[in-house]
Amino acid sequence: MNDHATTISEREERSIAAARSVNRRRNRQRLEKLRAFALGAGFPILLILIWDRAVAITGTRLIPSPYQVAVMMYDFSFGGVYDDAFSGTILIHVWKSVQRVYGGFFLAALIGIPLGLLIGRIKLLRQLLDPTISLLRPIPVTAWLPLSMIFFGLGPNAAIFLVFLGAFYPILLNTMFGVRSIDPRLFEAASMLGCSGTGMFRQIVLPASLPAIFSGLRIAHGFAWILIVVGEMTGVPTGLGSVVMDGRTLSRTDLVITGMIVIGACGFITDRIIVAISNRLLSWSPQHRE
Amino acid sequence: MSNADPPDILTIRGVTKRFAVGDGEVEALAPVDLTIPRSEFVCMIGASGCGKSTLLRIIAGFEEPTTGEVSIYGKVVNGPGSDRGMVFQDYALFPWMTVRQNISFGPRQRQLPREEIERTTDEFIRMVGLERFADRYPNQLSGGMKQRVAIARVLANNANILLMDEPFGALDALTREQLQHELLQIWKRTGVTTIFVTHSVEEAVLLADRVLVMSAGPGRIDSDFRIELARPRDVSSPEFNALRRDIARRLTSHLTLARA
Ligand SMILES: Nc1ncnc2c1ncn2[C@@H]1O[C@H](COP(=O)(O)OP(=O)(O)O)[C@@H](O)[C@H]1O
Ligand SMILES: [Mg+2]
């Protein structure tokens, strides 16, 4: 009886100790996260301070102070300060740009992923298309600008086309690379278990190359946000790129910087979303987690 | 497997294999002839590079023989099939599938009713003792557990020939012993014909009904030892050691020959 009692209390003690060590580990993790956040946020704050001081000391009128940009940002978001054509229009511009970015991006993914899977897997297609792709790929997307304006005219379609081109190659090439680097044993294992044909594409080729596909999507997504600005500089009335261009034409540097910040924030937030999705889908693969 | 089946499950007749390497050719297998009765446990042993993996891969249908043919119950093999299952040394599990999904992969290909797939999968998860790990991904498992999944994946697919290419070669000694024991239990329960390639003479004598010693240059079956010891086998018994010595002697005679 006595024995029994001791073992129970010992067990309790042990479980309390275990819980304590779990708590300690959790605290340490929380502290680590806080530190990373403080460092990551601290540096931009430092840059803003330097910017503020530099403007004040040099007395330049070409570059607005951070405070002026903040006011512009407020007006751009909510209006009520300058009450001009840009006041309170942020959502319209963001929405237009988002439509174009994701129009081009999803089109590129829709064509690039299946094509990459097929080219990676089927030798005939590879021989047929690989040289052409290698030839077209080095052409900078911006060099397509004149042609795309002939094809699509001045307007949003030219911008979407540029985004599509810029996003297409990283998606295609990463998908091809992903397929090419699948361990051939996985195909052997699948075929001995009775898998073949389209089942092989769906069950083996696609999931096995998903890590590579996602790194392609992420690179492509970054390009897409870069290119939308180029695309929207070609004479569309709305969109974040056109805001930046208008700011330049009107010599309103506060508007230019405001536009830049909004573009950066959009790119950042949407990139986080992609990372979250890929972490979810790739939880089986620790190398690809962030 | 009905009783009407002939006693020999696997017949290999005059199988050779040449690989093109650069401008030349490597002769990996000289004509190999071999017959294996149903439910036999065969170990293949031989120096590295003597063609063990090549022979196993030809049986699996991953490689075509240059000449000759492999047949299962008289039917000539021409490609991978679910009657034969390979267990690779490096597991080759599908990393994006959980243990359960890996094991149910074969049954799922055959579009069986859901309940039947689940029942088979559960049965083999239990057989290899991975109930608690069924929802883990391969990268969260130890080497021994991964190899258990690989074995279960093949058996759940109803394979009646189990091909194993140095399956326990990468495991530590304790895990290896454990898995050898479990494999024998599974083999006894299922009666699956097993061809097991190993480097270790002791492993071969411990497991097999029959040990084939292969020699290199080009690969062929040099000798065929029958192991009549009752299971479970005592590795320290004089009979065990006598067999081990005999086989090791056959094996090293080729090594010295090849070197000379
Ligand atoms: N795909 C291949 N291409 C060229 N040579 C190969 C290939 N596979 C095996 N070989 C050669 O065939 C011989 C037998 O190899 P293998 O069957 O892997 O031997 P083991 O498994 O007994 O170590 C070796 O000389 C090896 O180099
Ligand atoms: Mg080998």
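The structure this text deals with has already been given above.
The rules behind these values
- Residues numbered from 1 in each chain as written.
- Chains lettered and ligands numbered in written order.
- Predicted model: local features only at pLDDT ≥ 70, side-chain atom pairs only at ≥ 80, totals over all residues.
- Heavy atoms only, no water.
- Helix = DSSP H or I, 4+ residues; strand = E, 2+ residues; numbered from the N terminus.
- Buried < 20%, exposed > 50% of the residue type's maximum accessible area, 1.4 Å probe, protein only.
- Polar contact = N/O pair within 3.5 Å; in protein donor to acceptor, adjacent residues only side chain to side chain.
- Contact = heavy atoms within 4.5 Å.
- Buried area = accessible area lost by both parts, 1.4 Å probe.
- Salt bridge = Lys/Arg side-chain N within 4 Å of Asp/Glu carboxyl O.
- Nonpolar A, V, L, I, M, F, W, Y, C, P; charged D, E, K, R; others polar.
- Near = heavy atom within 4 Å.
- Axes fitted to C-alpha atoms, helices over the stretch in contact; angles between N-to-C directions.
- Parallel < 35°, antiparallel > 145°, perpendicular 65-115°, else oblique.

Asks: Sorry if this is basic, but what is going on with the side chain of His221 of chain A here?
Replies: All names here are of chain A. Here His221 is to be found in helix α8 (residues 198–232). Among the residues examined, His221 registers a relative accessible area of 1% and is labelled buried. Here Tyr102 takes part through its side chain, which lies 2.6 Å from a polar atom of the side chain of His221. Setting aside residues no more than four positions away along its own chain, His221 makes contact with Tyr102, Phe105, Gly267, Thr270, Asp271 and Ile274.

Asks: Is there a simple way to explain the interface of chain A and chain B in this structure?
Replies: The accessible area lost on association of the parts is a frequent measure of interface size. Residue-level contacts link 18 residues of chain A with 25 residues of chain B. The contact between chain A and chain B buries some 1,800 Å² in all, and 65% of this surface belongs to carbon and sulfur atoms. Looking only at chain A, the three residues that lose the most surface to chain B are Met192, Leu193 and Trp284 of chain A, adding up to 42% of its buried area. Here chain A and chain B share two salt bridges between them. Between Arg57 of chain B and Glu188 of chain A there is a salt bridge; the shortest N-O distance is 2.6 Å. On inspection of chain A and its partner chain B, the count reaches five residue pairs in polar contact (both at pLDDT 80 or more). Of all the secondary structure elements, the ones that give two or more residues to the side of chain A that touches chain B are α7 (184–192) and α8 of chain A. Ranked by residues supplied to the side of chain A that touches chain B, first place goes to α7 of chain A with seven residues. For the side of chain A that touches chain B, the residue count by class is eleven nonpolar, five polar and two charged.

Asks: I keep staring at the site of ligand 1 and nothing clicks. Help me out?
Replies: Residue and element names in this part refer to chain B. Contacts to ligand 1 come from Phe19, Val21, Ala28, Ala47, Ser48, Gly49, Cys50, Gly51, Lys52, Ser53 and Thr54. At 2.7 Å from an oxygen atom of ligand 1 is found a side-chain nitrogen or oxygen belonging to Ser53. Put simply, the parts of the chain that give the shell around ligand 1 at least two residues each are β1 (8–21) and α1 (52–60). With three residues, the single largest contributor to the shell around ligand 1 is α1. For the shell around ligand 1, the class distribution of residues is five nonpolar, five polar and one charged.

Asks: Even after reading the chapter, I still don't get the packing of helix α3 (residues 90–121) of chain A against helix α9 (residues 240–249) of chain A, so can you show me in this structure?
Replies: Packed helix pairs are characterised by how far apart their axes lie and by the angle those axes make with each other. Residue and element names in this part refer to chain A. Where α3 contacts α9, the two axes come as close as 7 Å, and the packing angle between them is 125°. Of the possible angle classes, the one that applies to α3 and α9 is oblique. Across the interface between the two elements, His93, Val94 and Ser97 from α3 touch Leu240, Gly241 and Val243 from α9. For the contact of α3 with α9, the class distribution of residues is three nonpolar, three polar and no charged.

All we've got here are geometric facts, nothing functional implied.
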